[in-house]
Amino acid sequence: MDTPRESFHMTPDEFRTHGRAVVDWVADYLENIAQHPVASRVAPGETRAMLPENAPEHGEPFEAMLADLDRVILPGITHWQSPGWFGYFPCNGSGPAILGDLVSTGLGVQGMLWATSPAATELETHVLDWLVDLLALPETFRGNGVIQDSASSATLCALLAARERAGAPYGTLTGYTSTQAHSSVEKGWKIAGLDPANLRQVPVDEAYALRPGALADLLAADAKAGLTPAFVVATAGTTSSNAMDPIGATAAAAHAHGAWLHVDAAMSGTAAVCPEYRWIHDGLAEADSYCFNPHKWMWTSFDCDAFYVRDRAALTTALSVVPEYLRNAATESGAVIDYRDWQIPLGRRFRALKLWFVLRHYGAEGLRHHVREHVALAQELAAWVDKDERLVLSTPPPLNLVCFRHAEGDGATQRLLDDLNATGEVYLTHTRLDGDLTIRVSVGATQTRREHVERLRDLVDRHA
Ligand SMILES: *Cc1c(COP(=O)(O)O)cnc(C)c1O
């Protein structure tokens, strides 16, 4: 009989060997990514059908896992990092971000309290202050930033803070956001246990931006009816069309009724690294909270949402619960931040590392360079669409999202979209604007360069 094994763990030397192979695998993947059709073509159930019924009884060699990445996993991957990725929004990553995440996993720390890894908390606060400078965010946000997993979580946390600050029965609270706001606002409202009938949809103008006058009317009517306006969300860069809500006027309307203003710049906030795009944040100094996603357009691999509050006590009052087993001297001293009080879960990953690596690798100069490149390419594409009689540009693109439709209507637009995606060279998604089916071209993948946007333009020209 074999002697029983004492350990099944991977040894440090095995980890070195396999780790190098994995880094090579990822590097090869990213280098050759354009060879794959951008959107996965597997049918439902196809991936599972390639997997064994049961987990293995005996451990397998690492090489077998790597081989199955190519055989089983890659066919079922939609390649968000492809240069032909123009769907939804960018979710761009980068070498420094991937490596920062690897280090984070290697350290394996839980940053729920300052005391559970002081560097995790302090680096996070510090790099979020760097972003205050890089994006010229309001000074009220300095020292008051936290990384959330997603903009959805940031909006929910802002809503919970607003709900508690309002101090009225939940059934009487009202919320406001434009008809173009992201679905996460409605989802947060549901999760917060508020009355779905009390979330108002504010009409938008011809550029799909919130009308502050209409907001003021809704607020006044609700206040008059004895309800309590509690929460307003303005969007800097809506998902459908990249519309920019007027933040200052929205803040004035919200604050006239004591409501909290949250600004959601998930997709577009990164643009403010360039001084010429900082107008998207005009009025932000009046906001109670703000978020944007470095994991969308700032080369920081998912997940990383930067969330800021003006008054951190409003947030921690809503979210802090201190059981005996988490009591510690640093917390009692009041001299430290415990980020578990700034988010929904208790545990948290060391996500600041990848953001730190990104900011140091690119420098502000590198971020500006690539943002400007994407915006310029999108603007050129929009100008071309605008001149083509077969196509209708839906709205002048403020930044890097181009929306257009076929002049012959929804049927022709759908056919064009299907034809473009069938090439496998590009991937685009759709929305509806004023009822019209609309193709969205979101320019922002790390590898997307001029040649890829020109190729897309040629494909549109051929299939229009
Ligand atoms: C992408 C996006 C969201 C959702 O972001 P998650 O981080 O996936 O929750 C919310 N709002 C806007 C404006 C977005 O572009």
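Just so it is clear, the structure is predicted and the values come from calculations on it, not from any experiment. (Residues numbered from 1 in each chain as written. Predicted model: local features only at pLDDT ≥ 70, side-chain atom pairs only at ≥ 80, totals over all residues. Heavy atoms only, no water.)

Quick look at the overall build of the protein chain
Next, step 1: Scanning the protein chain for helices and strands turns up 15 helices and eleven strands.
Next, step 2: Against the 2.2 N^0.38 benchmark of 23 Å for 464 residues, the protein chain shows a C-alpha radius of gyration of 24 Å, consistent with a compact globule.
Next, step 3: For the protein chain, with 464 residues in total, the buried portion stands at 49%.
Next, step 4: Taken as a whole, the protein chain presents about 21400 Å² of accessible surface, with 55% of it coming from carbon and sulfur.
Next, step 5: The centroid of the 38 positive side-chain charges in the protein chain is displaced by 2 Å from the centroid of its 58 negative side-chain charges. (Helix = DSSP H or I, 4+ residues; strand = E, 2+ residues; numbered from the N terminus. Rg over C-alpha atoms; globule rule 2.2 N^0.38 Å. Buried < 20%, exposed > 50% of the residue type's maximum accessible area, 1.4 Å probe, protein only. Areas by Shrake-Rupley, 256 points an atom, 1.4 Å probe, with all protein chains shown as cover. Lys, Arg positive; Asp, Glu negative; His and termini not counted. Charge placed at Lys NZ, Arg CZ, Asp CG, Glu CD.)

Observations regarding the pattern of salt bridges
Next, step 1: Following the criterion strictly, the structure yields 27 salt bridges and no others.
Next, step 2: The partner of Glu124 in a salt bridge is Arg348, and the shortest N-O contact between them spans 2.9 Å. With a gap of 224 residues between them, Glu124 in helix H5 (residues 118-134) and Arg348 in the loop between helix H12 (329-333) and helix H13 (352-387) connect regions that are remote in the sequence.
Next, step 3: Residue Glu124 is classed as buried on the basis of its relative accessible area of 1%.
Next, step 4: For Glu324, the salt bridge goes to Arg327, with nearest N and O atoms at 3.2 Å. (Salt bridge = Lys/Arg side-chain N within 4 Å of Asp/Glu carboxyl O.)

Focus on the site of the ligand
Next, step 1: Around the ligand, 15 residues are found, and the nearest of them are Ala151, Ser152, Asp264, Asn293 and Lys296.
Next, step 2: One nitrogen or oxygen atom from the side chain of Ser152 is found 2.5 Å from an oxygen atom belonging to the ligand.
Next, step 3: Within the side chain of Thr239, an N or O atom sits 3.5 Å from an oxygen atom of the ligand.
Next, step 4: Protein burial of the ligand: of its 390 Å² of free accessible surface, 92% is covered by the chains.
Next, step 5: Going through the elements one at a time, helix H6 (151-166) and helix H10 (294-297) are the ones with two or more residues in the shell around the ligand.
Next, step 6: Looking at the shell around the ligand residue by residue, the class counts come to four nonpolar, nine polar and two charged. (Near = heavy atom within 4 Å. Polar contact = N/O pair within 3.5 Å; in protein donor to acceptor, adjacent residues only side chain to side chain. Nonpolar A, V, L, I, M, F, W, Y, C, P; charged D, E, K, R; others polar.)

With respect to unusual backbone geometry
Next, step 1: In this chain, Phe302 is followed by Asp303 through a cis amide linkage whose omega measures 10°.
Next, step 2: Among the structural elements, Asp303 can be located in the loop between H10 and strand E7 (305-309).
Next, step 3: At Tyr88, a residue that is not glycine, the phi angle is positive and equals roughly 35°.
Next, step 4: Turning to its location among the elements, Tyr88 is positioned in the loop between helix H3 (62-73) and helix H4 (95-107).
Next, step 5: Residues other than glycine seldom take positive phi values, yet Tyr208 does so here, at roughly 65°.
Next, step 6: By the element assignment, Tyr208 lies in the loop between strand E3 (199-202) and helix H8 (212-224).

Remarks on the sheet that holds strand E9 (residues 401-406)
Within a sheet, neighbouring strands are paired by backbone hydrogen bonds and run either parallel or antiparallel to one another.
Next, step 1: Read across the sheet, four strands follow the order E8-E9-E11-E10 without closing on themselves; strand pairing throughout is antiparallel. Here the strands that pair on one side only, and so sit at the sheet edges, are strand E8 (391-393) and strand E10 (429-433). Going from strand to strand, the sheet's axes swing by 40° on average, the running direction of each strand aside.
Next, step 2: Sheet analysis places E8 next to E9, joined by three bridges and oriented antiparallel. The residue of E9 that forms the bridge with Val392 is Arg405.
Next, step 3: Lying on the sheet, H13 is in contact with E8, E9 and strand E11 (436-442); it crosses E8 at an angle near 130°.
Next, step 4: Across the sheet, helix H14 (residues 410-422) is in contact with E8, E9, E10 and E11; its angle to E11 comes to roughly 30°. (Pairing = 2+ DSSP bridges. Axes fitted to C-alpha atoms, helices over the stretch in contact; angles between N-to-C directions. Contact = heavy atoms within 4.5 Å.)

Observations concerning helix H9 (residues 247-256)
Next, step 1: Residues of H9 that are buried: Ile247, Thr250, Ala251, Ala253 and Ala254. Angular distribution of buried residues about the axis of H9 spans 165°; they occupy a single face of the element. Of the exposed residues in H9, the ones pointing more than 90 degrees away from its buried face are Ala252 and Ala256.
Next, step 2: As for H9, its buried residues are in contact with H8, strand E4 (228-235) and strand E5 (260-264).
Next, step 3: Taken from the residues just after H9, Gly258 is the one with a positive phi, measuring 75°. (Arc of directions from axis to C-beta.)

Let's talk about the pairing of E11
Next, step 1: Of all seven residues in E11, six are buried; the element is thus mostly enclosed.
Next, step 2: Note: E9 against E11, four bridges, orientation antiparallel. Bridged to Leu401 within E11 is Ser442.
Next, step 3: Strand direction decides the pairing type here: E10 and E11, joined by five bridges, are antiparallel. When the bridges of E11 are listed, Thr431 appears paired with Thr438.

Brief notes about the packing of aromatic side chains
Next, step 1: Applying the stated rule across the entire model yields 14 aromatic pairs.
Next, step 2: Seen in terms of ring centroids, Trp85 and Tyr427 are 5.3 Å apart; in terms of plane orientation they differ by 35°. Their pairing is tilted. Separated by 342 residues along the polypeptide, Trp85 in the loop between H3 and H4 and Tyr427 in the loop between H14 and E10 bring together distant segments of the chain.
Next, step 3: When the centroid spacing of 6.1 Å and the interplanar angle of 40° are considered together, the rings of Trp356 and Phe357 count as tilted.
Next, step 4: Among the residues examined, Phe357 registers a relative accessible area of 26% and is labelled partly exposed.
Next, step 5: Aromatic ring contacts, followed pair by pair, group Trp80, Trp85, Tyr88, Phe89 and Tyr427 into a single cluster.
Next, step 6: Here Lys296 stacks its cationic end above the ring of Phe89, 4.1 Å away from the centre of that ring. (Phe/Tyr/Trp six-rings, centres within 6.5 Å; stacked < 30°, edge-to-face > 60°. Lys NZ or Arg CZ within 6 Å of the ring centre and 35° of its normal.)

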